[in-house]
Structures are given as C-alpha cells and as structure tokens.
Amino acid sequence: MDWTQRLRLRNLQMLLTLAETGNMSQSAALLNTTQPGLSKWLKDLEDDIGLPLFERQARGLRPTSYGEALIQHARRIEAQLDTARDDLDAMREGGSGLVAIGTSGASSADTVPLAVLLLLQRMPRVQARVVENTMDRLMNQLAHSEIDIVVGRSAPELQDRNVRTEALYLEPLHFVARTRHPVFSLPTVDWADIQRYRWVVWPRGTPIRNALESALAEAGYPLPNDTVESNSTILNLTLLNNSDMIGLASHRTASRLQALGALRIVPLRLAGFGGVSMYWRDDGANRAAVVEALECLRSAAKRSTGDLVEGVGGEG
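Residues numbered from 1 in each chain as written. Predicted model: local features only at pLDDT ≥ 70, side-chain atom pairs only at ≥ 80, totals over all residues. Heavy atoms only, no water.

A. Broad picture of the overall build of the protein. Each helix and strand counted, the protein has 13 helices and 11 strands in total. In terms of its C-alpha atoms, the protein occupies a principal-axis envelope of roughly 80 × 50 × 30 Å. A total of 316 residues make up the protein; the buried ones form 47% of that total. Counted over contacts in the protein with a minimum sequence separation of 6, partners at least 24 positions apart contribute 73%. Surface exposure of the protein reaches about 16,200 Å², of which carbon and sulfur atoms provide 50%. Looking at the protein, you have 34 positive and 37 negative side-chain charges, and the mean spots of the two groups are 2 Å apart. (Helix = DSSP H or I, 4+ residues; strand = E, 2+ residues; numbered from the N terminus. Buried < 20%, exposed > 50% of the residue type's maximum accessible area, 1.4 Å probe, protein only. Contact = heavy atoms within 4.5 Å. Areas by Shrake-Rupley, 256 points an atom, 1.4 Å probe, with all protein chains shown as cover. Lys, Arg positive; Asp, Glu negative; His and termini not counted. Charge placed at Lys NZ, Arg CZ, Asp CG, Glu CD.)

B. Highlighting the pattern of salt bridges. Evaluation of the coordinates by the stated rule reveals 17 salt bridges. Residues Glu292 and Arg122 are paired through a salt bridge, measuring 3.1 Å at the closest nitrogen-oxygen approach. Residue Glu292 is located in helix α12 (residues 288–302), and its partner Arg122 is located in helix α6 (residues 111–122); the two are separated by 170 residues in the primary sequence. The partly exposed category is assigned to Glu292, whose relative accessible area is 23%. Notably, a salt bridge pairs Glu171 with Arg153, separated by 3.7 Å at the nearest N-O pair. Linking Glu171 in strand β6 (residues 163–177) with Arg153 in strand β5 (residues 149–153), this pair joins segments that are 18 residues apart in sequence. For the pair Glu171 and Arg153, a shared accessibility class is recorded, and that class is buried. Salt bridges sharing common partners tie together Arg204, Arg209, Glu213 and Glu229. (Salt bridge = Lys/Arg side-chain N within 4 Å of Asp/Glu carboxyl O.)

C. Broad picture of the nonpolar core. Ranked by size, the top nonpolar core spans 24 residues in total, and within it Val99, Ile101, Ile149, Val151 and Met278 carry the most contacts. Those residues in contact with Ile149 that lie beyond four places of it in its chain are Val99, Ala100, Ile101, Gly102, Leu142, Met278, Tyr279, Trp280, Val290, Ala293, Leu294 and Leu297. Core analysis: the second largest hydrophobic core is formed by 21 residues, Ala177, Trp191, Leu212 and Ile246 among them. (Core = buried A, V, L, I, M, F, W, Y, C linked by side-chain atoms within 4.5 Å.)

D. How the structure looks around the pairing of strand β2 (residues 60–63). As judged from the four bridges shared by strand β1 (residues 54–57) and β2, these two strands associate in the antiparallel manner. Counted as the bridge partner of Arg56 is Leu61 from β2. In sequence, β1 turns back onto β2 through a hairpin of two residues. (Pairing = 2+ DSSP bridges.)

E. Local environment of the packing of helix α1 (residues 9–21) against helix α3 (residues 35–49). Remark: α1 packs on α3, axes separated minimally by 11 Å, with the N-to-C direction vectors making an angle of 100°. When the axes of α1 and α3 are compared, the pair comes out roughly perpendicular. Residue-level contacts link Asn11, Met14, Leu15 and Leu18 of α1 to Leu38, Trp41 and Leu42 of α3. A breakdown of the residues in the contact of α1 with α3 according to their chemical character gives six nonpolar, one polar and no charged. (Axes fitted to C-alpha atoms, helices over the stretch in contact; angles between N-to-C directions. Parallel < 35°, antiparallel > 145°, perpendicular 65-115°, else oblique. Nonpolar A, V, L, I, M, F, W, Y, C, P; charged D, E, K, R; others polar.)

F. Representation of the domain arrangement of the protein. If you check the domain split of the protein, you get domain 1 (1–71), domain 2 (94–168 + 274–303) and domain 3 (171–263). Taken over C-alpha atoms, the centre of domain 1 sits 34 Å from the centre of domain 2. (Domains from an automatic or database assignment.)

Okay, structure coming up:
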C-alpha cells in the first residue's frame, strides 16, 4: 500500500507540530499523546517513505530537505481544509461561499475594493476577505492555499508553477504629497525640488520599488539616502499627510487619493510604467465565489476609476 494512503489528518497535525516545535516531548504534550508513540510514528513514516524527514540534533529536531518538502504539502492541505470549512460555514448561513483576496499597495486603494463592491452586488450573500501585504508574502500565501486570488504589481519572478496569471492593466507611477505641500507653490517642479525632502519608499525588492529605481536610473538620479521604508499604505498615507515627505503611488491609487482630497499628484513626470496582474490557483477556480471575483476584477480593471464609481453608486 502507498504510504500516502495510510496518512490521516491527525498525522498531518503531528508532522506540522513537530516542524513548529522541533521538540519531540513538547509536540507530544501539545498533541495529547506519548513521546514514545510519536517517535515510533515518525520512524514508521520515514521507513515507509524511505527518506529521513528530520535530523536528530542535541537541540531537537530539524527538518531535512525531504521533510521541508512534505511539510509544505501538509501546510497546503491544512489551508485548503480551512478554506473548505469556512466556505461551507458561509453557505450554511445562507451565503454564496467565501473568497479571500490578497492585495498589494498598487491595487488596494482602487481596483480591489471596487471589484469587491461589484462582487457584493452580483453575489450579495458572498463572504469576502481582503488582506493587504507585499507581493512576496501574498504570493507565498497563495502558494499555500491561504488566499484565493492575489492582485498587485506584475511579478513573474514570484510566480509558482501551479499559479495562473492574467495582466489587468499598465499604469504610470506618480510622486505624491500632502495637498498643501510647499512643492505645489512652485511654478514648475524638477528633480532637485523633490530631493530636498525625505521620501517614503516601498521595501527593496518589491515591484513598485524596482519600478522607482529604474525610473530614477533613467533620469540619472540616485535614490535619496534620507528615506523611510514602509510597506503599509495606511502608514504611508499618515506620514505624507502629517509631514513634507514625498511618496510614490501607482496612477489609480494616486488618482483615487487625489479625488478624495487625501494627497495630490506632484507634477513631475516619472518614466516607465508598472503592470498590475491577478494570480490564482487552478484548484480554486472551480468555486463560484472565486470565479465571480475574477470577473469583477476584470471589470474593475477595464473601466476607468470615475466610471466605475458612478456605476457602483447607480446600481446600488
């Protein structure tokens, strides 16, 4: 018999607990079992597979490369079961299921929230969860089945082979600042003007940071040394509104914040464009709420910001 056919959900919990604690006795206590019983189960599993899953060290257990691979699969299974539970709970309460969407700063102020509004109009009983984070973390959550869809900067280097992708749109980037920033009193704004101020920038390695560094290189300017690095849209907005710092935002986000009177776009052209894409797994695309959410994201991406807001208000 294949060893996978002998695995039970309890066994997955045992494996994940061992990976988390790295300690046999502590894991046994958490699992309400005996240390000899847990040790025997692990040895039997390793014998069945024919590979060592953990290294026995003085300080405890450490997963081998084989163990890490199996642990990653176990985490995916656990996350998928959690999603199944929540999906059925939502349907039991009269809903249309659950969809979890991850969004980066590039889409958190406009595309994703407006797509969620469209989704709620089309499926009023759906349960929607929205998580904001950096693209690398969101893509890791998607790979582990912790969320269903990711929307953010196009980042093919972060894409898992089991994840599908679709480009939504290209857009320019803008410098932004508080509405009464001194830079807006200038007759014209050039690079030297904005380099007098501290900048708020996204973390190194994020797609929007890469786009900024490419644009600066094309303009012949280095990134200023005097910066604050943050991956939080809300934190960045607060910093910019309460200081003379200069920030960076994608076109739709900048336009949305300017329309709300929260920030203004600095009239200085920044070369280059940033792409925004959505990512999802094939195994999640057979759920009605996920399929409809993908369609709503396509609709939000195709329509202009003003038209989309007007359409949502008129239909509500």
